[in-house]
Amino acid sequence: MTKLHHLLGAGLLALAFAVSPAMAHPPIAAAPAPSFDQDRADILAMAGTFEVEFDMQESTRWDATYTPLPNKLSGGNEVVRVIEDTGRKIVLQHLLVIEHEGKTMIIKHWRQDWEYEPARVLAYSDRNEWRWEEIPEALRKGRWSQTVWQVDDSPRYGGWGQFESQGGVRRWRSSWTWRPLARRDAVRKPVYDRYLSINRHQPSPDGWVHWQDNTKLGLRDGKLVPIVQEYVLNTYTRNSEFNVKAADDYWAATKDYWTQIRALWDGIAAGGQGIGVAEEAETGTVVSGRLLELADEIKAGKTTTAKALTEARALVAAKVRKL
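Since the model is a prediction, treat every value here as computed from it, not as a measurement.

Reading guide: rules and limits
Residues numbered from 1 in each chain as written. Predicted model: local features only at pLDDT ≥ 70, side-chain atom pairs only at ≥ 80, totals over all residues. Heavy atoms only, no water. Helix = DSSP H or I, 4+ residues; strand = E, 2+ residues; numbered from the N terminus. Buried < 20%, exposed > 50% of the residue type's maximum accessible area, 1.4 Å probe, protein only. Polar contact = N/O pair within 3.5 Å; in protein donor to acceptor, adjacent residues only side chain to side chain. Salt bridge = Lys/Arg side-chain N within 4 Å of Asp/Glu carboxyl O. Contact = heavy atoms within 4.5 Å. Phe/Tyr/Trp six-rings, centres within 6.5 Å; stacked < 30°, edge-to-face > 60°. Pairing = 2+ DSSP bridges. Axes fitted to C-alpha atoms, helices over the stretch in contact; angles between N-to-C directions. Expected span 1.5 Å × (residues − 1). Arc of directions from axis to C-beta. Parallel < 35°, antiparallel > 145°, perpendicular 65-115°, else oblique. Left-handed = near helix turned anticlockwise from the far one by under 90°. Nonpolar A, V, L, I, M, F, W, Y, C, P; charged D, E, K, R; others polar. Core = buried A, V, L, I, M, F, W, Y, C linked by side-chain atoms within 4.5 Å.

(A) Broad picture of the side chain of Asp126. As for its position among the elements, Asp126 is in strand S5 (residues 120–126). For Asp126, a relative accessible area of 5% puts it in the buried group. At 3.2 Å, the side chain of Asp126 forms a polar contact with the side chain of Arg194.

(B) Looking closely at the pattern of salt bridges. For the structure shown, the criterion picks out 25 salt bridges. Residue Arg111 is joined to Asp113 by a salt bridge in which the shortest nitrogen-to-oxygen separation is 2.9 Å. In this structure, Arg111 and Asp113 share a single accessibility class: buried. Measuring nitrogen to oxygen at the nearest pair gives 2.9 Å for the salt bridge that ties Arg290 to Glu297. Via salt bridges that share partners, Glu58, Arg184, Asp185, Arg188, Lys216 and Glu230 belong to a single interconnected network.

(C) Local environment of the side chain of Arg111. Positionally, Arg111 belongs in strand S4 (residues 103–116). One polar contact links Arg111 to Asp113, side chain to side chain, over a distance of 2.9 Å. In contact with Arg111, not counting residues within four places along its chain, are Ile83, Val91, Leu92, Gln93, Thr147, Val148, Trp149, Asp153 and Arg262.

(D) Structural view of the packing of aromatic side chains. This structure, assessed with the given rule, holds 12 aromatic pairs. Measuring from centroid to centroid gives 6.1 Å for Tyr66 and Tyr192, while their planes differ by 65 degrees, and the two rings are edge-to-face. Separated by 126 residues along the polypeptide, Tyr66 in the loop between strand S1 (48–61) and strand S2 (72–85) and Tyr192 in the loop between helix H4 (183–186) and strand S11 (194–204) bring together distant segments of the chain. The exposure class assigned to Tyr66 is buried, which follows from its relative accessible area of 9%.

(E) Expanded view of the environment of Ser35. Mapping Ser35 onto the fold places it in the loop between helix H2 (10–16) and helix H3 (36–44). We classify Ser35 as partly exposed; its relative accessible area is 32%. Measuring from C-alpha to C-alpha, the distance between Ser35 and Glu164 comes to 9.5 Å, with 129 residues separating the pair along the chain.

(F) Structural context of the sheet that holds strand S17 (residues 320–322). Taken in spatial order, the 4 strands make up an open sheet running S5-S6-S14-S17, and their pairing is antiparallel. The sheet terminates laterally at S5 and S17, the two strands that pair on one side only. Recorded for the sheet is a direction-independent mean angle of 30 degrees between the axes of neighbouring strands. For strand S14 (residues 274–277) and S17, the ladder comprises 3 bridges, and the chain directions are antiparallel. Bridging from a neighbouring strand, Ile275 pairs with Lys322 of S17. Running at roughly 115 degrees to S14, helix H5 (residues 244–270) makes contact with S5, strand S6 (129–134), S14 and S17 of the sheet.

(G) Summary view of helix H7 (residues 305–319). For H7, which comprises 15 residues, the first-to-last C-alpha distance of 21 Å matches the rise-based estimate of 21 Å (1.5 Å per residue) to within 8%. Residues of H7 that are buried: Ala308, Leu309, Ala312, Leu315 and Val316. Along the long axis of H7, the arc covered by the buried residues comes to 130 degrees, so they all point the same way. Within H7, the exposed residues directed more than 90 degrees away from the buried face are Ala306, Lys307, Thr310, Ala317 and Ala318. The inward-facing, buried residues of H7 contact H5, helix H6 (288–299) and S17.

(H) Structural detail: the packing of H5 against H7. Running from amino to carboxyl end, H5 crosses H7 at an angle of 25 degrees, the nearest separation of the two axes being 10 Å. Classified by the angle their axes make, H5 and H7 are roughly parallel. The handedness of the crossing between H5 and H7 is right-handed. In this structure, H5 contributes Asp256, Tyr257, Gln260, Ile261, Leu264 and Ile268 to the contact, and H7 contributes Thr305, Ala308, Leu309, Ala312, Arg313 and Val316. The residue inventory of the contact of H5 with H7, partitioned by class, reads 8 nonpolar, 2 polar and 2 charged.

(I) Geometry of the packing of H6 against H7. Interaxial distance between H6 and H7 falls to 10 Å at its minimum, and their mutual angle equals 175 degrees. Considering their axes alone, H6 and H7 lie roughly antiparallel with respect to each other. Taking contact as the criterion, the partners of Arg290, Leu291, Leu294 and Ile298 in H6 are, on H7, Thr305, Ala308, Glu311, Ala312, Leu315 and Val316. For the contact of H6 with H7, the per-class residue count stands at 7 nonpolar, 1 polar and 2 charged.

(J) Representation of the nonpolar core in the model. Counting 39 residues, the largest nonpolar core has Tyr257, Trp258, Ile261, Ile275 and Leu291 as the members making the most contacts within it. Elements supplying a minimum of two residues to this core: strand S3 (89–100), S5, S11, H5, S14, H6 and H7. Setting aside residues no more than four positions away along its own chain, Trp258 makes contact with Lys108, Val151, Asp152, Asp153, Tyr250, Trp251, Leu291, Leu292 and Ala295. Val52, Ile90, Trp110 and Trp114 belong to the second largest nonpolar core, which has 21 residues in total.

Next comes the structure, spelled out in structure tokens:
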């Protein structure tokens, strides 16, 4: 048990694990036989070019003294590329395209790794720590893990679950997953400091949908308690009426650098129980800002990939812990 879980009181455990932690809700009928090929097709269908709408709403307050935030809508354009596909593992890189006053800016966005029937997943365990979570062997068959990585390829959250069809809609549904605060919340210095979430991905006729059910929790008298419920609906609609080439040009110039950065994080995690790295509200991890700047400098021709990697490795060695 991690120190985070030792903080959970009996009341919170009843809230968070009223159903099996392996499933988001108990089955109401026998699950259909898994379809590996269909699963792969649904994951790969998340690649492409999209207009994205982010719809975030705090709804039910669990703390009577808390005032839920107003509904927040935002959006943009995103390019999602398959950067690895070994059959049982698929890696999708998101690139955010921002166009303002005739200029285009590319922001390396989140990354999602999908792995079939994995033995473990790197999951958020407590503030500034991500640890390996074993998946029971009896529950691996036909299931996929999804590990989400931050803009600097540091870990964000990991979960596992299965694809299913209900009511004519096919979706992947995660286990319960812990997550650190998103920057949109962290910059507000809120009374909560982490999320307990269910994560769903489902194809749609126009693209795909990413649905999050987040319970926001904070420490009160040394115990984690729920503060407010948040629902996030991210809708990806296929669209190419924006500067897709700018995103692909950025990736062509920086992909070798980011390949080595991914290997750096993977090496740290694989060599122990997980990863420890401090986070700050504005940037995510304390190394994120500079790692992204180095990629921009490579793209602009201000430095070489080799020189950037030398600095990046030194920075990570100084700021990141192997657990």
